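Secondary and tertiary structure notes
Okay, here's what each chain looks like letter by letter:
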Amino acid sequence: MSILQSEWFKLRKSKISAIILAAPILTFLMGLTMDGFEFIGDDEVNDWLLFFLFSNLTYSLLFLPLISGVFASLVCRYEHQAGGWKQLLTLPVTRGKVFMAKYTLLLLLVFVIQMLYVVAIFSVGTMKGYTDAFPMAIIWKSVFGGWVAAFPLVALQLWMSMIWKTFALPLAVNVFFTLPTILAVNSETYGPYYPWAQPFLMMYSVEESMDSVFYVPWDQVLLVVGGSFILFFFGGMIYFSRKAI
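Thresholds applied
Residues numbered from 1 in each chain as written. Predicted model: local features only at pLDDT ≥ 70, side-chain atom pairs only at ≥ 80, totals over all residues. Heavy atoms only, no water. Helix = DSSP H or I, 4+ residues; strand = E, 2+ residues; numbered from the N terminus. Rg over C-alpha atoms; globule rule 2.2 N^0.38 Å. Buried < 20%, exposed > 50% of the residue type's maximum accessible area, 1.4 Å probe, protein only. Contact = heavy atoms within 4.5 Å. Areas by Shrake-Rupley, 256 points an atom, 1.4 Å probe, with all protein chains shown as cover. Lys, Arg positive; Asp, Glu negative; His and termini not counted. Charge placed at Lys NZ, Arg CZ, Asp CG, Glu CD. Axes fitted to C-alpha atoms, helices over the stretch in contact; angles between N-to-C directions. Left-handed = near helix turned anticlockwise from the far one by under 90°. Nonpolar A, V, L, I, M, F, W, Y, C, P; charged D, E, K, R; others polar. Expected span 1.5 Å × (residues − 1). Bend = angle between axes of the 7 residues up to and from the residue. Parallel < 35°, antiparallel > 145°, perpendicular 65-115°, else oblique. Salt bridge = Lys/Arg side-chain N within 4 Å of Asp/Glu carboxyl O.

Things to note about the overall build of the protein
On a plain count of helices and strands, the protein comes out with 10 helices and two strands. For the protein, the α and β elements follow one another from N to C terminus as α-α-α-α-α-α-α-α-α-β-β-α. Taking 2.2 N^0.38 as the reference for a compact globule, 245 residues should give roughly 18 Å; the C-alpha atoms of the protein span a radius of gyration of 19 Å, in line with that estimate. The buried share of the protein, reckoned over its 245 residues, is 49%. Sequence separation of 24 or more characterises 80% of the internal contacts of the protein that already satisfy a separation of 6 or more. About 12400 Å² of surface is accessible on the protein, with carbon and sulfur atoms providing 70% of the total. Across the protein, the mean location of the 14 positive side-chain charges is 33 Å away from that of the 14 negative side-chain charges.

Structure (structure tokens):
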């Protein structure tokens, strides 16, 4: 906990608040300016759910993966400057605990963004006077599923941020793998196995079957999300434990 508090103190000195609020604010503004988007749906469709699914097209496809990558670069920024890694590791802490603290902080930040995203959805619907029942169970399950789907992406982005000192290279890698997501989600062959497509697939609220969780099959969650998490998380931890400082 002391390492986690130290990591938050360092991150708080950056412009983290503006980055956290960026995606929810854009979602909020987009919802207010789209006066005619209700016409794309059926009158029987819940207005809240329709707007939520429409917002997910940009939020879960682009904002969530990209912003989590920015967070990962920021949590390693101070250590890459003026011998920060040497100063940190001379303290009575293990490399494993340092890696876990940084990873935990990243997950907490992504969770905060997810909660603010729900607030943005609710605020837009309230201001536009939606009279349908708020689909709380569906939205919360989608948001939590998107958070779980981000676990391996955050691990990889932290790994990349520990390798490169420059802010641009980890971000470029993240963008390189995020942009093809738009094509991957439309492919039944590649979409279910592409890690960057999982936040969208697990936030896209569709009718569930008995063998699914977070709106995707169990084996997809275990194989793709779980498998890529194990690969990226332990790959990053092993790299950091052997990194020459």
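Having seen the structure, we can now continue with the description.
Considerations on the packing of helix H5 (residues 95–127) against helix H6 (residues 136–163)
Contact geometry for H5 and H6: axes closest at 9 Å, N-to-C directions at 145°. The two elements H5 and H6 meet at a crossing, and its hand is right-handed. Together, Phe99, Lys102, Tyr103, Leu106, Leu107, Val110, Phe111, Gln114, Met115, Val118 and Ile121 of H5 and Ile139, Trp140, Val143, Gly146, Trp147, Ala150, Phe151, Val154, Ala155, Leu158 and Met162 of H6 make up the contact between the two elements. Of the residues in the contact of H5 with H6, the class split is 19 nonpolar, two polar and one charged.

Notes on helix H2 (residues 16–33)
Relative to the 26 Å expected for 18 residues at 1.5 Å per residue, H2 spans 26 Å between its end C-alpha atoms, a close match to the ideal helical length. Of all bends in H2, the biggest is about 40°, found at Ala22, and the proline Pro24 comes one to four residues later. Those residues of H2 that sit buried are Ile16, Ile20, Ala23, Pro24, Thr27, Met30 and Gly31.

Re the side chain of Ser161
Inspection of the secondary structure puts Ser161 in helix H6. Setting aside residues up to four positions removed in sequence, Ser161 forms contacts with Ala72, Ser73, Cys76, His80 and Pro170.

Observations regarding H5
For H5, with 33 residues, the first-to-last C-alpha span of 48 Å sits near the 48 Å given by 1.5 Å per residue. Backbone geometry just downstream of H5 places Gly129 in the positive-phi region, at approximately 75°.

Here's the deal with the environment of Phe54
You can see Phe54 is positioned in helix H3 (residues 47–75). Taking the C-alpha atoms as reference, Phe54 lies 23 Å from Leu153; in sequence the two are 99 residues apart.

Re the packing of H2 against H3
Contact geometry of H2 with H3 gives a least axis separation of 10 Å together with a crossing angle of 170°. With respect to each other, H2 and H3 are oriented roughly antiparallel. In terms of crossing hand, the pair formed by H2 and H3 is right-handed. Contact residues: H2 offers Ile16, Ile19, Ile20, Ala23, Leu26, Thr27, Met30 and Gly31, while H3 offers Phe51, Ser55, Thr58, Tyr59, Phe63, Ile67, Val70, Phe71 and Leu74.

Overview of the pattern of salt bridges
All told, the structure shown has one salt bridge when counted by the stated rule. The closest approach of N and O atoms between Lys102 and Glu79, which form a salt bridge, is 3.2 Å. Placement of Lys102 in helix H5 and of Glu79 in the loop between H3 and helix H4 (84–89) is noted, with a sequence separation of 23 residues between them. On the accessibility criterion, Lys102 (0% relative accessible area) is buried.

A word on the environment of Pro135
Assignment of secondary structure puts Pro135 in the loop between H5 and H6. By relative accessible area, which is 12% here, Pro135 ends up buried. In the structure, Pro135 is positioned 87 residues away from Trp48 in sequence and 7.1 Å away in space, judged by C-alpha atoms.

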